[in-house]
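Working through the structure, step by step
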Amino acid sequence: QLQLVESGGGLVQPGGSLRLSCGASGFTLDTYAIGWFRQAPGKEREGVSCISSSGGNTKYADSVKGRFTISRDNAKNTVYLQMNSLKPEDTAVYYCAAVWCSGDYYCGCGTDRYMERWGQGILVTVSS
């Protein structure tokens, strides 16, 4: 079965850090651009960050720029989202998603309708 699986979520205090991981089973990620999305309670899902299949290009939502870092290790078939200086407003279910896209392109990564595969999501709660 082809699927993405997120891990690393949980409860953290404001100002703390978490690292989310997105792994794949049944397929390899090295020809996919990967995006992280989040959905807070009562809000629409939003794109947080994307990375091209080669890892050469990354982009971030303004709300997380300078605090979050996306990276990938294609040898481990895993994409990461390092989240620092977390704020209560970062509380959400975080999803990783993939769109087939080789090279340094995004192919619509970051926009829901272009993403082809989705993980189940993982909860991140920022609270004291």
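Scroll up to find the structure.
One structure accompanies this document, and this report is about it. (Residues numbered from 1 in each chain as written. Predicted model: local features only at pLDDT ≥ 70, side-chain atom pairs only at ≥ 80, totals over all residues. Heavy atoms only, no water.)

1. Some words on the overall build of the protein chain
When you go through the protein chain residue by residue, the secondary structure sums to zero helices and 11 strands. Listed N to C, the secondary structure of the protein chain is β-β-β-β-β-β-β-β-β-β-β in terms of helices and strands. Relative to the compact-globule value of 14 Å for 128 residues, the protein chain shows a C-alpha radius of gyration of 13 Å, a close match. On the protein chain, roughly 6400 Å² of surface is accessible, and the fraction owed to carbon and sulfur atoms is 46%. Distance between charge centres in the protein chain, computed from 12 positive and 11 negative side chains, equals 2 Å. (Helix = DSSP H or I, 4+ residues; strand = E, 2+ residues; numbered from the N terminus. Rg over C-alpha atoms; globule rule 2.2 N^0.38 Å. Areas by Shrake-Rupley, 256 points an atom, 1.4 Å probe, with all protein chains shown as cover. Lys, Arg positive; Asp, Glu negative; His and termini not counted. Charge placed at Lys NZ, Arg CZ, Asp CG, Glu CD.)

2. Considerations on the nonpolar core
Within the largest apolar cluster, 29 residues are counted, with the highest numbers of intra-cluster contacts made by Trp 36, Leu 81, Met 83 and Tyr 94. Within the second largest apolar cluster, nine residues are counted, among which are Ala 33, Phe 37, Ala 97 and Met 115. (Core = buried A, V, L, I, M, F, W, Y, C linked by side-chain atoms within 4.5 Å. Buried < 20%, exposed > 50% of the residue type's maximum accessible area, 1.4 Å probe, protein only.)

3. A closer look at unusual backbone geometry
Phi at Asn 77 is positive, roughly 55 degrees, even though this residue is not glycine. Secondary-structure assignment places Asn 77 in the loop between strand S7 (68-73) and strand S8 (78-83). Its relative accessible area of 15% is what places Asn 77 among the buried residues. Positive phi is not limited to glycine here, since Ser 85 has a value of about 50 degrees. Among the secondary structure elements, Ser 85 is positioned in the loop between S8 and strand S9 (92-100).

4. Some thoughts on the packing of aromatic side chains
Within a pair of aromatic rings, the relevant descriptors are the distance that separates the centres and the angle that separates the planes. One pass over the structure, following the stated rule, counts three aromatic pairs. Considering the side-chain rings of Phe 27 and Tyr 32, the 5.2 Å spacing of their centres and the 70 degrees angle between planes classify their relative orientation as edge-to-face. Phe 27 sits in the buried class, given a relative accessible area of 11%. Note on Phe 37 and Trp 118: the rings are 4.8 Å apart at their centroids and 50 degrees apart in plane angle, and the pair reads as tilted. Of the two residues, Phe 37 sits in strand S4 (residues 32-39) while Trp 118 sits in strand S10 (residues 117-118), which places them 81 residues apart along the sequence. Using a relative accessible area of 26% as the deciding quantity, one classes Trp 118 as partly exposed. Taken together, Phe 37, Tyr 95 and Trp 118 form an aromatic cluster joined through their ring pairs. (Phe/Tyr/Trp six-rings, centres within 6.5 Å; stacked < 30°, edge-to-face > 60°.)

5. Details of the side chain of Asn 77
Only 3.4 Å separates the side chain of Asn 77 from the backbone oxygen of Ala 24, close enough to count as a polar contact. For Asn 77, the side chain forms a polar contact with the main-chain nitrogen of Leu 29, separated by 2.7 Å. (Polar contact = N/O pair within 3.5 Å; in protein donor to acceptor, adjacent residues only side chain to side chain.)

6. Comments concerning the sheet that holds S7
Pairing in this open sheet of four strands is antiparallel, and the strands run S1-S3-S8-S7 from one edge to the other. A strand with exactly one partner marks an edge of an open sheet, and here the two such strands are strand S1 (3-7) and S7. Each strand axis lies, on average, 20 degrees off the axis of its neighbour in the sheet, ignoring direction. Where S1 and strand S3 (residues 18-25) come together, five bridges link them in antiparallel fashion. In the sheet register, Leu 4 faces S3, and the bridge partner there is Ala 24. (Pairing = 2+ DSSP bridges. Axes fitted to C-alpha atoms, helices over the stretch in contact; angles between N-to-C directions.)

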